[in-house]
Amino acid sequence: MIDLGEQSYPEVREAVRRLCADFAGPYWQALDRDRAYPTEFVTALTQAGFLSVLIPEEYGGSGLGLAAATAVLEEVHRSGCNGGACHAQMYTMGTVLKHGSDAQKQMYLPKVASGELRLQAFGVTEPTAGTDTTRIRTFARRDGDNYVVSGQKIWISRAEHSDLMVLLVRTTPREQCAKPSDGMSVLMLDMRTAVGNGLTIRPIRTMLNHATTELFFDDLSVPAANLIGEEGKGFRYILSGMNAERILIAAECIGDGRFFIDKASAYARERHVFGRAIGENQGVQFPIARAHVQLTAAAEMVDKAARLFDEGAGGGGTEANMAKMLASEASWYAADMCVQTHGGFGFAEEYDVERKFRETRLYQVAPISTNLILSHVGTHVLGLPKSF
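Conventions we followed
- Residues numbered from 1 in each chain as written.
- Predicted model: local features only at pLDDT ≥ 70, side-chain atom pairs only at ≥ 80, totals over all residues.
- Heavy atoms only, no water.
- Phe/Tyr/Trp six-rings, centres within 6.5 Å; stacked < 30°, edge-to-face > 60°.
- Helix = DSSP H or I, 4+ residues; strand = E, 2+ residues; numbered from the N terminus.
- Buried < 20%, exposed > 50% of the residue type's maximum accessible area, 1.4 Å probe, protein only.
- Patch = residues over 30% accessible without salt bridge, like charges linked within 9 Å, V, L, I, M, F, W, Y side chains within 5 Å.
- Areas by Shrake-Rupley, 256 points an atom, 1.4 Å probe, with all protein chains shown as cover.
- Salt bridge = Lys/Arg side-chain N within 4 Å of Asp/Glu carboxyl O.
- Pairing = 2+ DSSP bridges.
- 1 Å grid on protein atoms, 1.4 Å probe; cavity = no way out; pocket = protein on both sides within 12 Å on 5 of 7 lines; lining within 4 Å.
- Points joined across faces, edges and corners; volume = space filled by probe spheres on them.
- Nonpolar A, V, L, I, M, F, W, Y, C, P; charged D, E, K, R; others polar.
- Contact = heavy atoms within 4.5 Å.
- Core = buried A, V, L, I, M, F, W, Y, C linked by side-chain atoms within 4.5 Å.
- Axes fitted to C-alpha atoms, helices over the stretch in contact; angles between N-to-C directions.
- Parallel < 35°, antiparallel > 145°, perpendicular 65-115°, else oblique.
- Left-handed = near helix turned anticlockwise from the far one by under 90°.

A. Representation of the packing of aromatic side chains. Summed over the entire model, instances satisfying the criterion amount to nine aromatic pairs. Ring geometry for W332 versus F357: centroids 4.7 Å apart, planes at 45°, classification tilted. Here the residue W332 occupies a position in helix α10 (residues 317-342), and F357 occupies one in helix α11 (residues 353-361), the gap between them amounting to 25 residues. Look at W332 and you get partly exposed, because its relative accessible area is 23%. The interplanar angle of 40° and the centroid separation of 5.4 Å between the aromatic rings of F345 and Y351 together place this pair among those described as tilted. Taking relative accessible area as the criterion, F345 reaches 37% and is therefore assigned partly exposed.

B. A nonpolar patch on the surface, seen in detail. A surface patch of nonpolar side chains, amounting to about 290 Å² of accessible area, comprises V381, L382 and L384. In this structure, V381 sits in helix α12 (residues 370-381). On the accessibility criterion, V381 (47% relative accessible area) is partly exposed.

C. Local environment of the pairing of strand β1 (residues 119-123). Among the five residues in β1, five count as buried, and that is most of the element. Of the pairings in the sheet, the one linking β1 to strand β4 (residues 164-170) comprises four bridges and is parallel in character. Residue pairing for β4: G123 is matched across the bridge by L167.

D. Quick look at the layout of surface pockets. Size it by volume and the largest pocket reaches roughly 1,600 Å³. Examining the composition of the lining of the largest pocket, we find that seven residues originate from one element, helix α8 (residues 234-270), more than from any other. Each residue belonging to the lining of the largest pocket can be placed in one class, and the counts come to 19 nonpolar, 18 polar and six charged.

E. Representation of the side chain of E74 in the model. Among the secondary structure elements, E74 is positioned in helix α4 (residues 66-78). Those residues in contact with E74 that lie beyond four places of it in its chain are R13, A251, I254, G255 and R258.

F. Up close: the nonpolar core. F41, F50 and M90 are the most contacted members of the largest nonpolar core, which has 91 residues in total. Among the elements that line this core, the one with the most residues is α8, at 18 residues. Those residues in contact with F41, other than ones at most four positions away along the chain, are L19, C20, F23, Y27, W28, V76, C81 and N82. M165, L167, V169 and L187 belong to the second largest nonpolar core, which has 21 residues in total.

G. Just the packing of α8 against helix α9 (residues 282-311), in detail. Contact geometry for α8 and α9: axes closest at 9 Å, N-to-C directions at 155°. Our classification of the angle between α8 and α9 gives roughly antiparallel. Considering only the axes of α8 and α9, their crossing is left-handed. A breakdown of the residues in the contact of α8 with α9 according to their chemical character gives 19 nonpolar, five polar and one charged.

H. Molecular detail of the pairing of strand β2 (residues 139-143). As paired strands, β2 and strand β3 (residues 146-157) are joined by five bridges and run antiparallel to one another. Looking at β3, one finds that F139 is bridged to S150. From the end of β2 to the start of β3, which pair antiparallel, there are two residues, and G144 there has a positive phi angle of about 65°.

I. Region of interest: the environment of I249. Residue placement: I249 occurs in helix α8. Sequence-wise, I249 and G232 are 17 residues apart; in three dimensions their C-alpha atoms are separated by 28 Å. The residues touching I249, leaving out its near neighbours within four places in the chain, are H87, Y363 and P367.

J. Representation of empty space enclosed by the protein in the model. Scanning the entire structure with this criterion turns up one cavity of 30 Å³ or more. Taken together, 14 residues make up the lining of the largest cavity; nearest its centre are W28, P38, N82, A85 and N209. Listed by contribution, the elements that provide at least two residues to the lining of the largest cavity are α2 (25-34) and α11. A per-element tally of the lining of the largest cavity places α2 first, with three residues. Taken together, the residues that form the lining of the largest cavity break down as seven nonpolar, four polar and three charged.

See the structure below:
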């Protein structure tokens, strides 16, 4: 295992690049055709210690900050790989670390750090609630030493490949709460015993290989000891995890954008049409340069958001949202530019451009849509009236 604590971020980035070199385009192309999970890649990242950078050393991790984690995921994506298969493990464990009991931390975190347990699933979104998390309906009824869970979740990625899930449920009906965000609780769900005993997982095939699913809970019994923190305060517990998620995914978008710029620049230098490199043409050159400018600016915002998160001064939520928006839009512009630069070859599987094009498009929709970010800035920063 690499001792990340002894390395600077440039060395971490180089180590990630070396690992990713073993998982080049043909590996991902084969998985993409069959919608298969990159088990070997996730195992390699785990064994190298990259997925446990945020777990304190006392629990077997590296004890580094979010800035280090963004460096890992940025390089994963710049190398043409996809952190979507495992990035949740970095931020979901924060709910346990910050709000779990000492017993829960000792039970889960060392095994997550070593790879013995996978904590890849984050059960929040529901079909009827969407991004209005306060309207979730999945309900956990207390019954002696257990909670009995009934309801439905959707767009829950990696559920089939995770041992544990951080699950947000209602324990008090919304109409009985003083505030809409009250009455929600977090349970640590052991997927290994839940499937077939009240939990049904249904895969959803999408335009990209993201292992996403729909979950159905039918009187699933969960030990009350699996409650994280206090009952009714779960919404607050997951907020910091959501901010971390947005910053980490923003870093992935920066990596994607650099992948596209690298690809387009190389192709524009090498491809000759009408007797010269196509990169000599300003119509080709300027969009690549613009993508670089936009991505560089977005990367500064991602760095700022990660720094504020690590400082833990109570700020950073707005910056996390803005970083995610700027990075996702910069990566999408770079993706479109890269396809255009390659022409017909941009649609060919062997160049990996079309795969990454599909993958990076997701991040203007998830984990939060661009419109919701603009609404946050409008109402929380600019003081404009709320529309909902």
